[in-house]
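Now for the letters of each chain:
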Amino acid sequence: MIKKMLIWYLLLSKRLFKKPSFWAVLLLAPLLTAGMTIVAEQDAYILRIAVYAEPSEDSLGEEIAGDLAEVDGVISYHLCSSEEELRREVALSQADAGYVIPSGLTEYLREYAAGRRSGLPYNGHLIRVVTNDDNIQLQLAREQFYSVLYPHLSLMIAEQFTLEQSEFADMDESDVRRSVKELYEELHVDESIFQYAHSGEEAPDDLDNVNYLTSPLRGMLSLFVLLSGLSSTLYLLKDRKAGMFNWVRYGYRGVFEWICILSGTAAGGGAAYLALFFSGTFTAWKEELLLMIMLVFAVTGFCGILSRLIRNMAVFGTCIPLAILISAVLSPVFAAFHGMMPVKILLPSYFYLNSLYSVRFRWWFFLYLLAVNIIYAVLQCSFLRKQKSL
């Protein structure tokens, strides 16, 4: 029986690969991966901000401007040679906003730390912000700017606090500041204070090197596997209607149709696995392979159930984009959507994406793939009994 199933699988796969339309579906995986990887390597950002540090003997302003220009992420900072250039770029929408850093920034930070706001350069403000509009993205960008400014400001606050203590009243101010700075640099943590790791992992992920553009790729490839399974099921319905499988004995017809769906789903799973490998989002190959195999069998059972419940080709074809859309919204492809749990647990992509970092979900995923394939077998047996009785 196993040998016969293997022969069926090879023959059905060969037959499926002769269809140009199925090749068009399979090519979606490498095209999607290549496109997102290329875009991720380009200058992709949601905001472009100009920065200008006024000339000064104090190098702190230029240092902060340089730190901002080196920030890698969804916000792009670039340096301007004058305030006029900065204002022109903002006025012409070449930049979403502009930051002007005053000369003598160190002294202004000390004034700010001491609570003397009236002496600040820009009408009581430390930094001048030039913008045509103020929105949520620009407010978040200012938070990022504060994170660059904060280490220097926190040092000034520590110095000011120490100088105000009576224990240091007899010491020279420059000695106090030097001692505080030495202690601050000794205790300062330059790396990220957060480490993102999954249970069972030895090395945590480096959050600074995670590209936000390739983050949804895994979820999109899981939808691609689902699309491969649905496409092979559509071919099955077409062949079933044409009577292509009438030669198969009734007792084997359910297994034969299951293998027919599996052949297309496995091809899509193989393409998705290779796409993940070359995309840079790959983890451990054994875990990835296990989860992809589980996804293939889960999608096969899921599509098998649909092939029994929806026997009309036109209706099934209409349901394909609907199934993809529901899976994209309710599975954590782009974001985790809370609610509608009774619908979520029907989707193979939901279990696959959550199983990557959760052992508990892997057991649920295993139970899910067993359940959908058993339900398909029950529906198939019920159908065959009805056919025999007619």
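Coordinates for the structure precede this section.
Residues numbered from 1 in each chain as written. Predicted model: local features only at pLDDT ≥ 70, side-chain atom pairs only at ≥ 80, totals over all residues. Heavy atoms only, no water.

With that settled, consider unusual backbone geometry. The backbone phi angle of Ser93 is positive, close to 60 degrees, even though this residue is not glycine. Locating Ser93 in the fold gives a position in the loop between helix 5 (83-91) and strand 3 (97-101). (Helix = DSSP H or I, 4+ residues; strand = E, 2+ residues; numbered from the N terminus.)

Turning next to the packing of aromatic side chains. The final tally for this structure, using the stated rule, is twelve aromatic pairs. Taking the centre distance of 4.9 Å and the plane angle of 55 degrees together, the rings of Tyr99 and Phe145 count as tilted. You can see Tyr99 sitting in strand 3 and its partner Phe145 sitting in helix 7 (residues 136-163), a full 46 residues away along the chain. Feature note: the residues Tyr350, Phe351, Phe361, Phe365 and Tyr368 constitute an aromatic cluster, connected by ring pairs. One Lys or Arg, Lys19, reaches over the ring of Tyr235 and ends 5.1 Å from the middle of that ring. Arg308 extends its terminal NZ or CZ atom over the ring of Phe383, reaching a point 4.0 Å from the ring centre. (Phe/Tyr/Trp six-rings, centres within 6.5 Å; stacked < 30°, edge-to-face > 60°. Lys NZ or Arg CZ within 6 Å of the ring centre and 35° of its normal.)

Our next topic: the nonpolar core. With 63 residues, the main nonpolar core has Phe224, Leu230, Met292, Tyr352 and Phe365 as its most contacted residues. Those elements that provide at least two residues to this core are helix 1 (2-17), helix 2 (20-26), helix 9 (217-242), helix 10 (250-279), helix 11 (285-309), helix 12 (313-330), helix 14 (348-355) and helix 15 (359-389). At twelve residues, the largest contribution of residues to this core is made by helix 10. What Leu230 contacts, discounting residues up to four positions off in sequence, is Cys303, Leu306, Phe316, Ile320, Ala323 and Ile324. Within the second largest apolar cluster, 25 residues are counted, among which are Leu68, Leu109, Leu153 and Met156. (Core = buried A, V, L, I, M, F, W, Y, C linked by side-chain atoms within 4.5 Å. Buried < 20%, exposed > 50% of the residue type's maximum accessible area, 1.4 Å probe, protein only. Contact = heavy atoms within 4.5 Å.)

The next thing to look at is the pattern of salt bridges. A side chain of one charge can pair with a side chain of the opposite charge when the charged atoms of the two come close. Following the criterion strictly, the structure yields eleven salt bridges and no others. We note a salt bridge from Glu159 to Arg177, for which the minimum N-O separation is 2.6 Å. Taken together, the residues span a long stretch of sequence, with Glu159 in helix 7 and Arg177 in helix 8 (residues 173-187) at a distance of 18 residues. Accessibility assignment for this pair places Glu159 and Arg177 in one class, buried. Close ionic contact of Arg178 with Asp175 constitutes a salt bridge, the shortest N to O distance being 2.9 Å. Residue Arg178 and its partner Asp175 are both found in helix 8; the two are separated by three residues, about one turn of the helix. For Asp175, a relative accessible area of 28% gives the class partly exposed. In this structure, a network of salt bridges that share partners links the residues Arg110, Glu159, Glu173 and Arg177. (Salt bridge = Lys/Arg side-chain N within 4 Å of Asp/Glu carboxyl O.)

For the structure on display, the rule yields one cavity of 30 Å³ or more. Of the pockets and cavities examined, the largest cavity occupies roughly 60 Å³. Lining the largest cavity are Leu12, Arg15, Leu16, Lys19, Tyr235, Asp239, Cys260 and Ser263. Elements supplying a minimum of two residues to the lining of the largest cavity: helix 1, helix 9 and helix 10. Class assignment of the residues belonging to the lining of the largest cavity gives a composition of four nonpolar, one polar and three charged. (1 Å grid on protein atoms, 1.4 Å probe; cavity = no way out; pocket = protein on both sides within 12 Å on 5 of 7 lines; lining within 4 Å. Points joined across faces, edges and corners; volume = space filled by probe spheres on them. Nonpolar A, V, L, I, M, F, W, Y, C, P; charged D, E, K, R; others polar.)

With 28 residues, helix 7 extends 38 Å from end C-alpha to end C-alpha; this agrees with the ideal 40 Å at 1.5 Å per step. In helix 7, a bend of some 45 degrees at Leu149 exceeds every other bend along the element, and Pro151, a proline, comes one to four places later. (Expected span 1.5 Å × (residues − 1). Bend = angle between axes of the 7 residues up to and from the residue.)

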